[in-house]
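Spelled out from the first residue to the last, the chains are:
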Amino acid sequence: MKPLLIAGLLVAGFAAHPGMAATIRTDVWDTLPDNRPVHRFTMRNASGSEVSVMELGAAVTAIRVPDRGGKIDDVVLGYDTPIDYITNNGPQFGLVIGRYANRIVTGKFSLGGTEHKLATQGRSDASMHGGPQGFGTRLWSGKRVRTPAGEGVRMTLVSPDGDQGFPGKMVATVTYVWTADDRLIIDYTANTTKPTVVNLTQHSYFNLAGAGNGDVLKQTLKLDADYYMDALPNNTPTGEIRAVKGTPFDFSQGKPIGQDIAASDPHMVANRGYNVQYVLRSSPIPGEAAPAATMTDPQSGRTLKVLTTEPGVMLYTANFINTDRLMKNGVKYPLRAGAALEMQHFPDSPNRPHFPRTMLMPGQVFNSRTVWEFTHS
């Protein structure tokens, strides 16, 4: 068995969690301007809850789960057509981000004494979310698969050597499995032909009251994190890791998302709210998904619990949404209409030796898992 690289650790294997099969419906949602079809896969379990994913950006486009009264709502933000997900999708709703989620400062890094210059966005000198043509802009290839965790959908993308400046041909996969008990298991893999870096994440935004049903300021959030990464107001990481205690960034005991969102901290002011990388408490078992976040909507009774093998989570509270644009179901979203909980490695890790490593070598397999568990009470 080849070694697996999980959250920066090489281990011999990866334990799957059992689940029951969901029915999977496939349709061609739309075609791109170059006539390539975009397939959508909808996984539905016996209770009627369902998840839809599509090949464009390997995106999660809908998660429909019940509230305490049994009413089913879609709890992720998004759009009505596939092309919207790659046309002015500033928030990057639902996309899989890669090769490197978050930012690489100055748009370059070195491996083995060789400097690699990356594609950057606009006037910024940073590589953001893998570059202007990152994984979230690509048409992946989707198919139904059977996994130890249950029936699911696997998306595959081949990224050529030099793509957006990153070395090595990379084959990346993301597998979605929807279980009978309303858990979405998300498994990522990647391999490479040359030494490179990798940091994949899912960029969905959650509103547990239902997408388009106001903002999330009264919904509560608990993060399994005692530290956060310091950053300048323009979000450039300083490399310093600070304790959350006594700061507006403290979600370690749980609180309403809006409780401290208007704090006078310069980073909070510049970002109009949360745009913060947290350092998660690590699992005592290497490679096992550990609790990372719990989000609850008191009104509907819905709760989302997130587990991950990743060392960090980026919290972003949709502070710059275009409030004039029609979104999913023709609804306009207000500011802070959702919260993104991006399970990932740290920004600029390739240039920060004291951060968990993100290097992937030929012969290794990167493997990462995130689980979204939905309940109601």
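Further up the page is the structure itself.
The structure displayed is predicted, hence computed values, not measured ones.

Reading guide: rules and limits
- Residues numbered from 1 in each chain as written.
- Predicted model: local features only at pLDDT ≥ 70, side-chain atom pairs only at ≥ 80, totals over all residues.
- Heavy atoms only, no water.
- Phe/Tyr/Trp six-rings, centres within 6.5 Å; stacked < 30°, edge-to-face > 60°.
- Helix = DSSP H or I, 4+ residues; strand = E, 2+ residues; numbered from the N terminus.
- Buried < 20%, exposed > 50% of the residue type's maximum accessible area, 1.4 Å probe, protein only.
- Lys NZ or Arg CZ within 6 Å of the ring centre and 35° of its normal.
- Polar contact = N/O pair within 3.5 Å; in protein donor to acceptor, adjacent residues only side chain to side chain.
- Contact = heavy atoms within 4.5 Å.
- Pairing = 2+ DSSP bridges.
- Axes fitted to C-alpha atoms, helices over the stretch in contact; angles between N-to-C directions.
- Core = buried A, V, L, I, M, F, W, Y, C linked by side-chain atoms within 4.5 Å.

Bringing the packing of aromatic side chains into the picture now. Within the structure shown, the criterion is met by 15 aromatic pairs. With centroids separated by 6.5 Å and ring planes inclined at 75°, the aromatic side chains of Phe249 and Tyr274 adopt a geometry described as edge-to-face. In this pair, Phe249 is assigned in the loop between strand S22 (237-243) and strand S23 (255-256) and Tyr274 in the loop between helix H1 (266-271) and strand S24 (275-280), connecting sequence segments 25 residues apart. On the basis of relative accessible area, Phe249 is assigned to the buried category, the value being 2%. A connected cluster of aromatic rings, assembled from ring pairs, spans Trp29, Tyr79, Tyr85, Phe93, Tyr205, Tyr316 and Tyr333. For the cation-ring pair, Lys255 lies above Phe251, with the distance from its terminal atom to the ring centre recorded as 4.6 Å.

The subject of this paragraph is the side chain of Thr173. Inspection of the secondary structure puts Thr173 in strand S15 (residues 170-178). Looking at Thr173, its side chain comes within polar contact range of the side chain of Thr189, at 2.5 Å. Look past the residues within four positions of Thr173 in its chain and what remains in contact with it is Trp140, Arg154, Met155, Thr156, Asp187, Tyr188 and Thr189.

Taken together, the five strands give an open sheet; going across it, the order is S3-S4-S5-S6-S7, and neighbouring strands pair in antiparallel fashion. Bordering the open sheet on either side are strand S3 (23-31) and strand S7 (72-74), each of which pairs with just one other strand. Each neighbouring strand pair of the sheet contributes to a mean axis angle of 15°, computed without reference to strand direction. Bridging between S3 and strand S4 (residues 37-44) involves eight bridges; their strand directions are antiparallel. Note on S4: the bridge partner recorded for Asp30 is Val38.

Let's shift gears to the sheet that holds strand S28 (residues 339-344). With antiparallel pairing, six strands are arranged side by side in an open sheet as S19-S28-S27-S24-S21-S22. Bordering the open sheet on either side are strand S19 (205-206) and S22, each of which pairs with just one other strand. In this structure, strand S21 (residues 225-231) lies alongside S22, joined through four bridges in antiparallel fashion. Pairing of Tyr227 across the sheet is with Ala243, part of S22.

Attention now goes to the nonpolar core. Core analysis: the biggest nonpolar cluster contains 60 residues, and Ile63, Tyr176, Tyr278 and Leu341 have the highest contact counts within it. Ranked by residues supplied to this core, first place goes to S15 with five residues. Sequence-distant contacts of Ile63, that is, excluding residues within four places in its chain, are made with Glu50, Val51, Asp73, Asp74, Val75, Val76, Trp178, Phe206, Trp372 and Phe374. Residues Ala59, Tyr79, Tyr85 and Tyr316 belong to the second largest nonpolar core, which totals 21 residues.

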